[in-house]
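What follows is the residue order along each chain.
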Amino acid sequence: MEKLIINGGKPLRGSVSISGAKNSAVALIPAALLADGPVVIENLPHIQDVEIYVELLQRMGASVLFEDDWMEIDSSAMKPVVMPNGHVKKLRASYYLWGALLAKFGEANVGLPGGCDLGPRPVDLHIKGFQALGARVENMNGVMTLRANRLRGARIYLDLISVGATINIMLAAARAEGVTVIENAAREPEIVDVATLLNNMGANIKGAGTDVIRIQGVERLRGCRHTIIPDRIEAGTYMIAAAATRGDVILENVIPKHLEPISAKLREIGVVIEDGDDNIRVIGQEKYQAVDVKTNPYPGFPTDLQQPMTTLLTQVKGSSIITDNIYGSRFRHVDELRRMGASIKVEGRSAVIEGGRTLNGAKVVSSDLRAGAALVIAGLVSQGVTEVEGLEHIDRGYENLVGKLRNLGADVYREVLKPTKRP
Ligand code: EPZ
């Protein structure tokens, strides 16, 4: 077991290089299985979700080379083996194997996904999409079994805007017979990233990034090379940390356009943000303005930054409200922030924050990936020492977090806890 030890109260200063997007990586890796030849993906982050995916693909017989930020995937020797719950439960995005294996083999037997505990995370829209394309779907003791003799294009309206369902249907439809139209599609940049890879492999996908995506199925897809987009959620996390510690940080390797929802809200609070071509500078200020934040699908404010933003708002005098319209119970970080002295009340899907109070270092536990980010930022702004446990969550989505924070002047290190000897 490990924990982070953070000695807070120091403003973050300097520059940080943003890694490849986690929520692209976990979709691009299964998408690569659809090619008849090797696919090379560059700018991959070394995070747990990527490491787990490598193991999953290797268990199914794919050849995967992964060094530095470069991965080559060759699925020519793959078999459609059953992937039980054990491994796939470690990450939410294992569900992309359903769409990829269905398209490649006409069948998939993969356990239901795991991932962060953000409340109920149904997959009914994924299943609706696969059935519309002609697949038979059964849930047998937690293993999703999908079969299709031939996938045929269909018009699919998503009742809810779902990133995962949009991508999964795109994967299944890429080699289906005929045209598939996804209506009310999610518009996240990661969806555009997956469509770009598939089109580079020879697919015919138009409209990714809008709410209507048109996929003309093709017979074969070939190997290619692709570079992942930067991680807008990692970037937003560092932007919020710079604002909260009243620091001055330049983020390198970003796409400012993808960060507009975060930049706009930070500017409303009073943070100075300077956009470059592929960088962004965040300059904290002494005086901030309390604000209301509502999370929405892209290009709205991202739910994944709701928890880090809550920590920033504890440092803003006055009463702020943050409402999560995507996950109504994504508030398990609040109890831990209260232990550090924050005044936050959760009402339904909103948190009301009475900001401007000093936080004090404490022992806290991260319950999920972005709650962990919120607690790390709280440790950075607190007086005294904060210990953050539950690093297995944080390691899923933040590459080299300690190294990057230390380069920005933070006093943080990782302590390996010796297992307590049984008496
Ligand atoms: C993706 O999850 C991200 N994960 C999440 O990031 C992110 O919070 C979420 O999109 C929303 O932006 C990955 O990309 C791996 P959804 P996903 O389908 O695809 C409901 C992180 O911290 N829904 O867009 O699972 C669902 O319950 C993670 O990096 C259904 O009802 O999310 C939610 O309320 C956490 N039925 C809403 O839709 C379905 O079949 C949006 O979910 C699917 C989803």
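Look up: the structure comes first, before these words.
In this text, all values refer to a predicted model and were calculated from it rather than measured experimentally.

Criteria and thresholds
- Residues numbered from 1 in each chain as written.
- Predicted model: local features only at pLDDT ≥ 70, side-chain atom pairs only at ≥ 80, totals over all residues.
- Heavy atoms only, no water.
- Helix = DSSP H or I, 4+ residues; strand = E, 2+ residues; numbered from the N terminus.
- Rg over C-alpha atoms; globule rule 2.2 N^0.38 Å.
- Buried < 20%, exposed > 50% of the residue type's maximum accessible area, 1.4 Å probe, protein only.
- Contact = heavy atoms within 4.5 Å.
- Areas by Shrake-Rupley, 256 points an atom, 1.4 Å probe, with all protein chains shown as cover.
- Lys, Arg positive; Asp, Glu negative; His and termini not counted.
- Charge placed at Lys NZ, Arg CZ, Asp CG, Glu CD.
- Near = heavy atom within 4 Å.
- Polar contact = N/O pair within 3.5 Å; in protein donor to acceptor, adjacent residues only side chain to side chain.
- Nonpolar A, V, L, I, M, F, W, Y, C, P; charged D, E, K, R; others polar.
- Pairing = 2+ DSSP bridges.
- Axes fitted to C-alpha atoms, helices over the stretch in contact; angles between N-to-C directions.
- Salt bridge = Lys/Arg side-chain N within 4 Å of Asp/Glu carboxyl O.

Counting secondary structure elements, the protein contains 14 helices and 23 strands. In terms of overall dimensions, the protein is globule-like: its C-alpha atoms have a radius of gyration of 22 Å, near the 22 Å expected for 423 residues. Projected onto its principal axes, the C-alpha coordinates of the protein cover approximately 60 × 55 × 40 Å. Buried residues in the protein amount to 58% of all 423 residues. Pairs at least 24 residues apart make up 72% of the contacts formed inside the protein by residues separated by at least 6 positions. Counting every atom, the protein has about 16300 Å² of accessible surface; 48% of that belongs to carbon and sulfur. The centroid of the 49 positive side-chain charges in the protein is displaced by 4 Å from the centroid of its 49 negative side-chain charges.

Attention now moves to the site of the ligand. The ligand sits among 26 residues. The nearest are Asp124, Leu125, Ser162, Val163 and Asp304. One of the backbone N or O atoms of Pro122 is found 3.4 Å from an oxygen atom in the ligand. At 2.8 Å, a backbone N or O of Val163 approaches an oxygen atom of the ligand. Computed on the free molecule, the ligand has an accessible area of 820 Å², of which 91% lies beneath the protein chains in the complex. Looking at the shell around the ligand, the elements with two or more residues in it are α1 (22–31), α5 (124–132), α6 (163–173) and α12 (369–381). Of the residues that constitute the shell around the ligand, the class distribution is 14 nonpolar, five polar and seven charged.

Sheet architecture is open: four strands sit in the order β4-β5-β3-β13, paired in mixed fashion. Each edge of the open sheet carries a strand with a single partner, namely β4 (63–67) and β13 (225–227). Sheet twist, expressed as the mean angle between neighbouring strand axes with direction ignored, is 15°. When β4 meets strand β5 (residues 70–74), the two strands line up antiparallel, connected through five bridges. Bridge pairing in β5 places Phe66 opposite Met71.

Before going further, it helps to spend a moment on the pattern of salt bridges. This model, assessed by the stated rule, comprises 25 salt bridges. The shortest N-O distance in the salt bridge between Arg220 and Asp36 comes to 2.9 Å. Taken together, the residues span a long stretch of sequence, with Arg220 in the loop between β12 (212–216) and β13 and Asp36 in the loop between α1 and β3 (39–42) at a distance of 184 residues. Classification of Arg220 by relative accessible area gives exposed; the value is 52%.

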